[in-house]
Amino acid sequence: MSALLDIDAAESGYGGGRVLNGVSLRIREGEILALIGRNGVGKTTLLRTLIGLVPLAAGSIRLDGREVGHDKPYARARQGIGYVPQGREIFGALTVAENLQAGAQANRGRAAAMRDKVTGYFPVLKAKLQHKAGTMSGGEQQQLAIARALIGAPKILLLDEPSEGIQPSIVGLIGETLLKIARETGVGVLLVEQDMGMVESMATRCCVMDKGRIVDTLTRGQLADEALIRQHLAL
Ligand SMILES: Nc1ncnc2c1ncn2[C@@H]1O[C@H](COP(=O)(O)OP(=O)(O)O)[C@@H](O)[C@H]1O
Ligand SMILES: [Mg+2]
């Protein structure tokens, strides 16, 4: 089966400086690929390059066989790249329903059908549709950020450290829900994450990034090797 997302030798950075030095990755339908690495190695920059907020300087990004590496961010969203940013960036002054509406702009045709589906996956949101998002807990806001990305019916979902600042029981719940979503909808997931428990319970494979390159790919078995993980994360 061909890859849903095929990143080949991607380079990008800020100003004149390169942060990504040739990243190649492939994600298949329904696959959850984890990406780990120390702070500052370029994980967030990779995600921002994939959605078009950081320009691709060299290499290619193919979604479902089509080159999208130089398309505008809104066009990539419409093509099927969903993004859950680090720190969530939900609209705190807007209601849950209004936040979901904002996400629906990526794909108005399919959003109506997706609305019931995503609130089905995250029942806490269904119960709080008219609540201001800023009044909710961190875990609820993270679920909203994921639902807001999913409502556009993406082919690929990019998640930047979804466990950050969230209590462990809710991290577990979010992980289980994401697994179910990948299995049932076939969405491919790129999970940037420091929480190795979440990575172990979710990922089919795990890539390790250092200095803007993928330096290793770990199997599920290797994820249990604490010494190896500690070395890669330099904890
Ligand atoms: N907006 C920016 N402008 C300039 N440099 C940046 C910007 N964002 C990140 N960087 C730099 O790019 C490098 C990679 O950062 P980042 O992708 O955020 O790493 P990670 O997500 O792996 O912690 C770091 O050296 C960081 O200082
Ligand atoms: Mg980051």
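Remember, predicted model here, so these are calculated numbers, not experimental data.

(A) How the structure looks around the overall build of the protein. Counting secondary structure elements, the protein contains nine helices and 10 strands. Computed over its C-alpha atoms, the radius of gyration of the protein comes to 17 Å, within 12% of the 18 Å expected for a compact globule of 235 residues. The dimensions of the protein, computed from C-alpha atoms along their principal axes, are 45 × 40 × 35 Å. A sequence separation of at least 24 residues applies to 73% of the contacts in the protein between residues at least 6 apart.

(B) Focus on the sheet that holds strand β1 (residues 5-14). Strand order in the open sheet made by the four strands is β2-β1-β4-β5, with antiparallel pairing throughout. Each edge of the open sheet is held by one strand with a lone partner, namely β2 (17-27) and β5 (66-67). As defined by bridge partners, β1 adjoins β2 across eight bridges and the pair is classed as antiparallel. Residue S12 lies in a different strand from β2, and its bridge partner there is L20. Lying on the sheet, helix α1 (residues 43-51) is in contact with β1, β2 and β4 (58-63); it crosses β2 at an angle near 75°.

(C) Focus on the nonpolar core. Judged by nonpolar contacts, the single largest core of 67 residues is most densely connected at L33, A34, I156, L158, V189 and L191. Among the elements that take part in this core, helix α6 (residues 138-150) stands out by supplying six residues, more than any other. Sequence-distant contacts of L191, defined by excluding residues within four places in its chain, comprise I32, L33, A34, L35, L159, M202 and A203.

(D) Structural detail: the site of ligand 1. Lining the immediate surroundings of ligand 1 are Y14, V19, G37, N39, G40, V41, G42, K43, T44 and T45. For the shell around ligand 1, the leading source of residues is α1, giving three residues. Among the residues making up the shell around ligand 1, the classes are represented as three nonpolar, six polar and one charged.

(E) Structural detail: the packing of helix α3 (residues 96-104) against α6. At their nearest, the axes of α3 and α6 sit 7 Å apart, and the two run at 35° to each other. Considering the relative orientation of α3 and α6, their crossing is right-handed. Side by side, α3 and α6 meet where V96, N99, L100, A102 and G103 of the first sit next to L144, A147, R148 and A149 of the second. Within the contact of α3 with α6, the residues separate by chemical class into six nonpolar, two polar and one charged.

(F) Highlighting the pairing of strand β9 (residues 205-210). Two strands pair when backbone bridges link them, and strand β3 (residues 32-36) and β9 are joined in this way by four bridges, in the parallel orientation. Each residue of the ladder has a partner; that of L35, found in β9, is C207. The antiparallel pairing of β9 with strand β10 (residues 213-218) creates a hairpin that spans two residues between the two strands, and K211 there sits at a positive phi of about 45°.

(G) Examining α1 more closely. Of all nine residues in α1, eight are buried, a share of seventy percent or more. Where α1 is concerned, the buried positions are K43, T45, L46, L47, R48, T49, L50 and I51. Taken from the residues just after α1, G52 is the one with a positive phi, measuring 95°.

(H) Structural context of the environment of D8. Summarising the element assignment, D8 is placed in strand β1. Its 15 C-beta neighbours within 10 Å are what place D8 among the partly exposed residues. Along the chain, D8 and I61 lie 53 residues apart, while their C-alpha atoms are 6.4 Å from each other. Here D8 is in contact with S24, G59 and S60, once residues within four sequence places are set aside.

(I) Structural detail: helix α7 (residues 168-185). Here α7 spans 25 Å end to end across 18 residues, near enough to the 26 Å set by a 1.5 Å rise per residue. Packed against the buried residues of α7 are β3, α4 (108-121), α6, β8 (188-192) and α8 (196-202). Two residues or fewer after α7 comes G186, characterised by a positive phi angle close to 80°.

(J) Representation of the pairing of β4. Here β1 runs beside β4; their pairing, made up of five bridges, is antiparallel. The partner of D6 across the bridge, within β4, is R62. What sits between β4 and β5 in their antiparallel hairpin is a turn of two residues, with D64 showing a positive phi close to 55°.

Definitions and cut-offs
- Residues numbered from 1 in each chain as written.
- Chains lettered and ligands numbered in written order.
- Predicted model: local features only at pLDDT ≥ 70, side-chain atom pairs only at ≥ 80, totals over all residues.
- Helix = DSSP H or I, 4+ residues; strand = E, 2+ residues; numbered from the N terminus.
- Rg over C-alpha atoms; globule rule 2.2 N^0.38 Å.
- Contact = placed C-beta atoms within 7 Å.
- Pairing = 2+ DSSP bridges.
- Axes fitted to C-alpha atoms, helices over the stretch in contact; angles between N-to-C directions.
- Core = buried A, V, L, I, M, F, W, Y, C linked by C-beta atoms within 7 Å.
- Buried ≥ 20, exposed ≤ 12 C-beta atoms within 10 Å, placed from the backbone.
- Near = placed C-beta within 6 Å.
- Nonpolar A, V, L, I, M, F, W, Y, C, P; charged D, E, K, R; others polar.
- Left-handed = near helix turned anticlockwise from the far one by under 90°.
- Expected span 1.5 Å × (residues − 1).

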